[in-house]
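# Fold and geometry: a report
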Amino acid sequence: MITLYDLNTLRPDPYRTYSPHAWKVHCVLRFKSLPYQTFWLEYPSIESKAKELGAPPTSTWSDGSRYTIPFIHDSTTNKVISDSLLIVEYLDNAYPDTITLITPGTEALQSVFADAIWTVYMKDIDPVIGRTLPNKFFTEANAEYYRKWAPKDPNEEMTEESIKDSWKRFESRFGELAETIGDEPFVMGNQVSFSDCALIGWLMLLRFALWDDDKGKQRWNEIMEWHGGRWKRLIDTYEELRDTRI
Ligand SMILES: N[C@@H](CCC(=O)N[C@@H](CS)C(=O)NCC(=O)O)C(=O)O
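The structure presented is a predicted model; accordingly, all values stated were derived computationally and were not measured.

Pairing analysis gives four bridges linking strand β5 (residues 71–74) to strand β6 (residues 79–82), with the strands arranged antiparallel. Across the sheet, residue Ile72 finds its bridge partner in β6, namely Ile81. In this antiparallel pair of consecutive strands, β5 and β6, the connection spans four residues, and Asn78 shows a positive phi of 55°.

Following this line, the structure appears as C-alpha cells:
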C-alpha cells in the first residue's frame, strides 16, 4: 500500500490539500489507478515524520535541511521517497504496468515545465493569491507557520486596479500557454504526462484560494471558461478518473 504524506487543512475531501506538489502526486496516482491512502500532516510535524520514516529533505534553508511534503511510503517495496518529481519517477519504475507519466528522455523538460508553471505562467497572480492565504480552511498550526514562512511584503500593497491588472496578465499568460499547447488535450499532445498533473496541481492551489466566497467561486468558474474551456476539460479529465484513495 502506498501512503502519501500531505498537508492538512479543514477543507473536506476531495479538495483538502492546497499543496500543488502534493496535488501532482494525487493526480499521478489516479492516472495510474494505484490505490493509496493519505496521511495528513501539519507543517510543524513534517520534519519529524519525514525523519522517522527516512524521507530525505528536498532542499536546504540557510540554517539546515528543508523537509517537505509530499513524500510517500510504499509498504510493498518498503521505499520512502520525497519530492514530487522523484516520487513520480519512482512510481513509473516500480509500477511499469501502469501509464508512464515521465517518458524516458523527457525528465529535464518536464521538470523545467513543472517549475515554469509557477515562475512564468502564474507569477502575476502570486501576490493576489498570497494575500488571501492563510484562509479559514487553514488549521491553527499551519496558519501560524505559514505566516512566519510567507510574511506579507509591505511594499506589495495592492489596489483594486493592480489586482485587476494581475488577473489580466495572468489570463493572457495562460492564453499564451494554451496557444503553445495547441488543440490537443495534453501538454504532450494526446499523451498525458507529469506536466499535465503539474498544471492541475497549480490550478488546484488557485481553486483552494478562490473557493472561499461567491466572488472567488465566480472567478474560478471564469477561469474554467477561459481559452475555450481547456482548463476545465483538463481538470474534468482528472476528476472523471476513478478515485483510488482507500
Ligand atoms: N520540490 C518539492 C517542493 C515541495 C514543497 O515545497 N512543499 C511545501 C508545501 S507545498 C512544504 O512542504 N513546505 C514545508 C516547509 O517549507 O517547511 C516537491 O516537488 O515535492
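What follows is about the UniProt feature "domain: GST N-terminal" (unreviewed entry) in the protein chain. Cross-referencing UniProt, the feature "domain: GST N-terminal" (unreviewed entry) maps to residues 18–93 in the present numbering. Counted over residues 18–93, helix gives 45% and strand 26%. Its end C-alpha atoms are 27 Å apart.

What follows deals with the packing of helix α1 (residues 20–32) against helix α3 (residues 84–94). Think of two packed helices as two axes; the pair is described by the angle between the axes and how far apart they sit. For the pair α1 and α3, interaxial distance at closest approach is 9 Å and the crossing angle is 15°. Here α3 runs roughly parallel to α1, going by the angle between their axes. Handedness of the α1/α3 crossing: right-handed. Seen from α1, the contacting residues are His21, Lys24, Val25, Val28 and Lys32; seen from α3, they are Ser84, Ile87, Val88 and Leu91.

Right, let's get into the domain arrangement of the protein chain. Here the protein chain is described as being made up of domain 1 (2–94) and domain 2 (107–239). Relative to domain 2, the C-alpha centre of domain 1 lies at a distance of 21 Å. Every contact between the two is made by 20 residues of domain 1 and, on the other side, 20 residues of domain 2. Residue assignment for the side of domain 1 that touches domain 2 shows that the elements contributing at least two residues are α1, α2 (43–53) and α3.

Turning our eyes to something else, we now look at the nonpolar core. Residues Val28, Ile72, Phe194 and Ile200 are the most contacted members of the largest nonpolar core, which totals 51 residues. In terms of residues, this core owes the most to one element, helix α8 (residues 194–210), which gives twelve residues. There are two domains that each give this core at least three residues, and those are domain 1 (2–94) and domain 2 (107–239). Discounting chain neighbours no more than four positions away, the residues touching Ile72 are Ile2, Thr3, Leu4, Tyr5, Val25, Ile81 and Ile87.

Moving on, we come to the site of the ligand. Contacts to the ligand come from 13 residues, most closely from Ser19, His21, Thr68, Ile69 and Ser84. Taken together, the elements giving at least two residues each to the shell around the ligand come down to α2 and α3. Taken together, the residues of the shell around the ligand sort by class into six nonpolar, five polar and two charged.

Let us look at unusual backbone geometry. With omega at 5°, the peptide bond leading from Ile69 into Pro70 counts as cis. Following Leu133, the chain continues to Pro134 via a peptide bond in cis, the omega torsion being -5°. The backbone of His227 sits at a positive phi, close to 50°, despite the residue not being glycine. Within the fold, His227 resides in helix α9 (residues 214–239). The exposure class assigned to His227 is partly exposed, which follows from the 16 C-beta atoms found within 10 Å.

Definitions and cut-offs
Residues numbered from 1 in each chain as written. Predicted model: local features only at pLDDT ≥ 70, side-chain atom pairs only at ≥ 80, totals over all residues. Pairing = 2+ DSSP bridges. Helix = DSSP H or I, 4+ residues; strand = E, 2+ residues; numbered from the N terminus. UniProt positions renumbered as here; feature names shortened; annotations may be inferred. Axes fitted to C-alpha atoms, helices over the stretch in contact; angles between N-to-C directions. Parallel < 35°, antiparallel > 145°, perpendicular 65-115°, else oblique. Left-handed = near helix turned anticlockwise from the far one by under 90°. Contact = placed C-beta atoms within 7 Å. Domains from an automatic or database assignment. Core = buried A, V, L, I, M, F, W, Y, C linked by C-beta atoms within 7 Å. Buried ≥ 20, exposed ≤ 12 C-beta atoms within 10 Å, placed from the backbone. Near = placed C-beta within 6 Å. Nonpolar A, V, L, I, M, F, W, Y, C, P; charged D, E, K, R; others polar.

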